[in-house]
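# Inside the fold
If you want the building blocks of each chain, they are given just below.
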Amino acid sequence: MESNPFKVVIAGGSVAGLALALMLEKNGIDFVVLEGYGSIAPQVGASIGLLPNGLRILDQLGCYEDVLEKAEYPVDKFFFRNSQGEQFWSLEDFHRETVNRHGYPVIFFDRRMLIEVLYDKIQDKSRVLTDQRVQSISNRASDVTVTTTTGRKFTGHMVIGADGIHSTVRQEMWNEAKKIDPSWIEPSEASALPATYSCIFGISEGAKGIEKGTLHSVFNEHFSYLVPSGPGDRTYWFLVLNMGKTLYGDDIPRFTKADEEAVAKQHWNDRITPDLQFSDLYKSKVASVHTALPEYVYKKWYFQRMMTIGDASHKFEPLTGQGGNNAIETAASLTNHLVAALKRCKSGTLSTAEISQVFENVQEQRQDRVWELVKASHARQRMECMETPLLKLIGKYLIPNLPRYKVVDKWTQIYSPSVSLNMIPQPDKEWEIAYFDERFRTPSPRGFAGILLYTAYVSLAWLGHRQLRTAGTENGTWALLRQALKKGTIPSLGDTEVPLRRVYTGLPSIDLVLQTLVTFFSPAVGNLSRPEQPLQVLYFLASIVPLMAIFTVEGYRPRNRWTLLAIPSVWGVLYQLRGIGVIAPIYFAVSTYISSPITYFSPSSRNLVPSTARSILLAVLIGYFLPSMMLFFPLENAPVTRQAFIALWQPVPVYVVILTEVFSRIIKCVEKSKSIRPSTDSKLNLDLPSLQMLYAVTGCIAACFHLALLASWYVSSSEFLIRAFIPMDSFVEVSTLADGIFVFFQNDFLLVVAASLLWCWSSVWDLYRMGILNFSMWVALVALIIGSVAVGPGATVAAVWYWREGIMSQRKFRLISH
C-alpha cells in the first residue's frame, strides 16, 4: 500500500502496541514502535485469553489461524467449582456455543505467543525497536518528539502510549497538560487508581488433573482461582486474593518473590479439583508473578498529540479476559478514526486540533463500553470470592441452578458491541448473532417511545374494561344476563325461550361458569335478530385464528421460557372470560417488556423444536378453528345441541396447547421409529418452514373471511360495515341480551384489532432499533393500514409474523431499505 507521510510513534511493544502497528502498516501509515525490554515477547509469566471480540480483529489482520495453531486447545468445557474442587455448574459444549453464536472460540496461551504472532505479521520489522524506553515527550505545533532513556529521539505526528498501567506517556501527557491547560486533567486522577485484589499468576508444565480444552473457576471466600488449560502440557493459573481493603495510587503495593512464596504456602492445600491441589500447580511452575490488580478507566486518554491505549487507559481484572481484547479493540477504533481523518485531509498531515478530534472520537466510542466491562469484571470477581453473605448465598444456591441461556445471552452483551476495522473486509465466516458494526445501526433502547407503548397498551386495556365491562353494566347487558341465568332460559328467535342446560362437567363451580358463558354466547351464534350478527361473530373468530397461532408459537419460544408468555393457555382462558379486547393489550405489554434486550433477538432463541413447530398448525385447526365453526353448523334440536357446542368451545386455547403437545410427541415417536434425525437437532431454522406455513394458512383463513365480508358489503347497503362493527353508543340501554352481546363484540373486535396492529408496528420497529433491518417505519405503518383494508387485520398480523420470522432467522443481514 502507498505510504502516507503521517507518522505515529508507539510507546510499547505490547499487545496493544504491536496490534496498532500492524493495523497502521496495513493502511500504509508510517510508524515506529519503541519497546523498553531488550527483546520482543519476553517471558514474564503471563498468559492471555482471547475472546471473540479480539479474535475477530485478529482475523481481519491475518493472525487468527496462527493464533489458533499456537493455542492448540480452544476452551470446550467451562466449570464452576466450590472450595473442595467439586463441580457445581458446567457448560460442556462451550466451544460450539461460542463459535456458532459469535464466530470464534475462547483460547488461552502465553501472552508472548500473541506478541510473536503480531510481530511476525509486521512486514517492516526495522520499525520495531527494542531497548528504547520512553523518557520524555515534547510537543510542537506540527509534530511531537519522543526521547528515550538511551538518548535517541523519534519524531512523529502523534504519540500513542501502549506502555501499560504505569504509563510514561500518560505521565508526560499530564505534565504537558498542567503547563498548557491545568483543568484538562483532574488532580484526583493521579491517586484515583484503585486496587482491591492481588493475584499470583503463573504457568505450569506437566501438572496433572486439568483436562485439555477446559476452564475452571473455583469459588472461595475472599479468594478464587481461574485455571485454564494451555497448549502442549501447559496449565495457566490465577490465584486472586482480596487485599482486605481497596488501596489507591501510590498506596498500591508491589510484591516481592518472598511475598509471593509466603502467600502460596498459605494456599498450599487449596483444592482446584477433587484430585488437584494448588501446590501441584505451584511446584510445577515455570514462571509466576505476584502483583496487585488495579482496575480503572481514566477520564482523559489524550492531550493534544498524545494518547494512551490498552492498560494505560483502561485496566481490567484478569478474570473475564477482557484486558487484552479491549486493548485490540481500542487500537482498531484509533485506526478507524485516524484513517478516516487522513482521507478527509488533503495535505496528508493533521493539525493538533484534528488529531485531538480523532482522539476524542476514539474515547467517546470506547469509554462507556470499557467502563461497563471493567465494572462487570469487578462484580464477577466479587461473586467468585463470595465477598458478602448475600454473594455467598447466591454462589451456593442460585448459580448452581443458573439456566444455560442466561450465560450465553450474556455473551451477546459482551461481544456484539465490539469494534472491528472498518477498512478491512470481515472474514468469510458465518455466526449467529451479528456484531453491532455489521448491523444497519447500533442497537438502542426504546427510551421514551417504550413508555408511550406501555401507556398505549394500558390505555387500550382500560378502554376495553370501560367499553366491555362498564358499558355492559350501564346499558343493561349484565342485568339481562343475570335475569336469564336466574330464570334458567336463553332467549331465542322471536319470543321463544330455550331451557338453560345446568350440568356439563358435574363440578358445580365450573358448571356455573359454563352456564354463564353459554347464556352469553348463545344469542350471538343462535339468535339472528340482526342480519349482520352471524357474519360479525364469524369474522371476529376467524380474524383471531392467526393470533391464536402466534400466542402458541410465542409460548414455545426458548427466549420466552420462564416468562408470562410461556403460558398461552392461561392467556386464552383469561380472554375467554374477560374479553380479548382487554387481555390482548396486557399480553402485548408483557411481550414488549420481555423483548426489550438485544439478547431476545438472537436466532437460536427464536427456534422452536421442529416437531413442536410442525404440530401447531394442526392443533390450531382442530383445537380452535373447527370448534369455532361448529358453533354455526345447522343442527337438529339446534338450541340444546348448540349449548353443548358453546360449552365445548370455551376451553379452545387449552385444547390447542394440549394438541400441540400430543402431536409433537407423536411426531417424535414417528421420527424415532423411522430413524429420522431427532427434531431437537441443534441446527438453526429447522422450524422455519413449519412456522411460515402456519402463518400462511391461518392468514389465508382470516383473509377468506375478510373477502367474504367485503362481498357482503358490496351486495348490501353502504352502512353494512358500520352497523356490523362500529358501536354507535355503547352506554345506551339495550332492549335484548342479543343486542347487548352484539355491542360487546363490536367493542371487543375494535380493541383487539387496534392492539394487534400496534403490536405489529412496534415489532417491526424493534427490528429497526436493533439494526436488523433498515425499513422506514412510516412505510411499515402504511403497509399495515393497506393490508388491514385489503386482506383484513387478521391476515395482516399473520403476514407480519411470516415476514418477521424470516428476518429474524438470518445470520447476516441483507439490505432492506425503503
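The structure presented is a predicted model; accordingly, all values stated were derived computationally and were not measured.

### Things to note about the packing of aromatic side chains
Overall, the coordinates contain 50 aromatic pairs when judged by the stated rule. Residues Phe78 and Trp89 carry aromatic rings whose centres are separated by 6.4 Å and whose planes lie at 75 degrees to one another, so their mutual orientation is edge-to-face. With Phe78 in strand β4 (residues 77-81) and Trp89 in strand β5 (residues 87-91), this residue pair connects regions lying 11 residues apart in the sequence. Pair check on accessibility: Phe78 and Trp89 agree, each one buried. Measuring from centroid to centroid gives 4.5 Å for Trp759 and Trp801, while their planes differ by 35 degrees, and the two rings are tilted. Pair noted here: Trp759 is in helix α26 (residues 737-769) and Trp801 is in helix α28 (residues 793-808), with a separation of 42 residues, a long-range link.

### Topic: the domain arrangement of the protein chain
Along its sequence, the protein chain is organised into domain 1 (4-438) and domain 2 (447-674 + 682-809). Distance from the C-alpha centre of domain 1 to the C-alpha centre of domain 2: 54 Å. Taken together, the contact pairs 9 residues of domain 1 with 10 residues of domain 2. When the two sides are added together, the surface that domain 1 and domain 2 hide from each other amounts to roughly 780 Å², 62% of it contributed by carbon and sulfur. Looking only at domain 1, the three residues that lose the most surface to domain 2 are Tyr405, Asp409 and Glu432, adding up to 54% of its buried area.

### Concerning the UniProt feature "transmembrane region" (unreviewed entry) in the protein chain
Feature annotation in UniProt places "transmembrane region" (unreviewed entry) on residues 537-553, 573-594, 615-635, 647-667, 693-714, 749-765 and 777-803, given in this structure's numbering. Along residues 693-714, the helical share is 100% and the strand share 0%, with 31 Å between the first and last C-alpha atoms. For the annotated span residues 749-765, helix accounts for 100% and strand for 0% of the residues, and the straight-line distance between the end C-alpha atoms is 24 Å.

### Notes on a nonpolar patch on the surface
A contiguous nonpolar patch, built from Leu564, Ile567, Val570 and Leu574 and spanning about 310 Å² of accessible area, is present on the exposed surface. Its location among the elements puts Val570 in helix α18 (residues 568-578).

### Quick notes on the environment of Gly806
With respect to the helices, strands and loops of the structure, Gly806 is situated in helix α28. For the pair Gly806 and Ser188, spaced 618 residues apart in the sequence, the C-alpha separation amounts to 53 Å. Those residues within four positions of Gly806 in sequence are excluded, and the remaining contacts are Leu688 and Gln692.

### What to know about the sheet that holds strand β15 (residues 234-248)
With respect to topology, 7 strands assemble into an open sheet ordered β5-β4-β13-β14-β15-β12-β18, the strand pairing being mixed. One side of each edge strand has no neighbouring strand; the edge strands of this open sheet are β5 and β18 (285-294). For this sheet, the mean angle separating the axes of adjacent strands, direction not counted, is 15 degrees. When strand β13 (residues 214-219) meets strand β14 (residues 223-228), the two strands line up antiparallel, connected through 5 bridges.

Definitions and limits used
- Residues numbered from 1 in each chain as written.
- Predicted model: local features only at pLDDT ≥ 70, side-chain atom pairs only at ≥ 80, totals over all residues.
- Heavy atoms only, no water.
- Phe/Tyr/Trp six-rings, centres within 6.5 Å; stacked < 30°, edge-to-face > 60°.
- Helix = DSSP H or I, 4+ residues; strand = E, 2+ residues; numbered from the N terminus.
- Buried < 20%, exposed > 50% of the residue type's maximum accessible area, 1.4 Å probe, protein only.
- Domains from an automatic or database assignment.
- Contact = heavy atoms within 4.5 Å.
- Buried area = accessible area lost by both parts, 1.4 Å probe.
- UniProt positions renumbered as here; feature names shortened; annotations may be inferred.
- Patch = residues over 30% accessible without salt bridge, like charges linked within 9 Å, V, L, I, M, F, W, Y side chains within 5 Å.
- Areas by Shrake-Rupley, 256 points an atom, 1.4 Å probe, with all protein chains shown as cover.
- Salt bridge = Lys/Arg side-chain N within 4 Å of Asp/Glu carboxyl O.
- Pairing = 2+ DSSP bridges.
- Axes fitted to C-alpha atoms, helices over the stretch in contact; angles between N-to-C directions.

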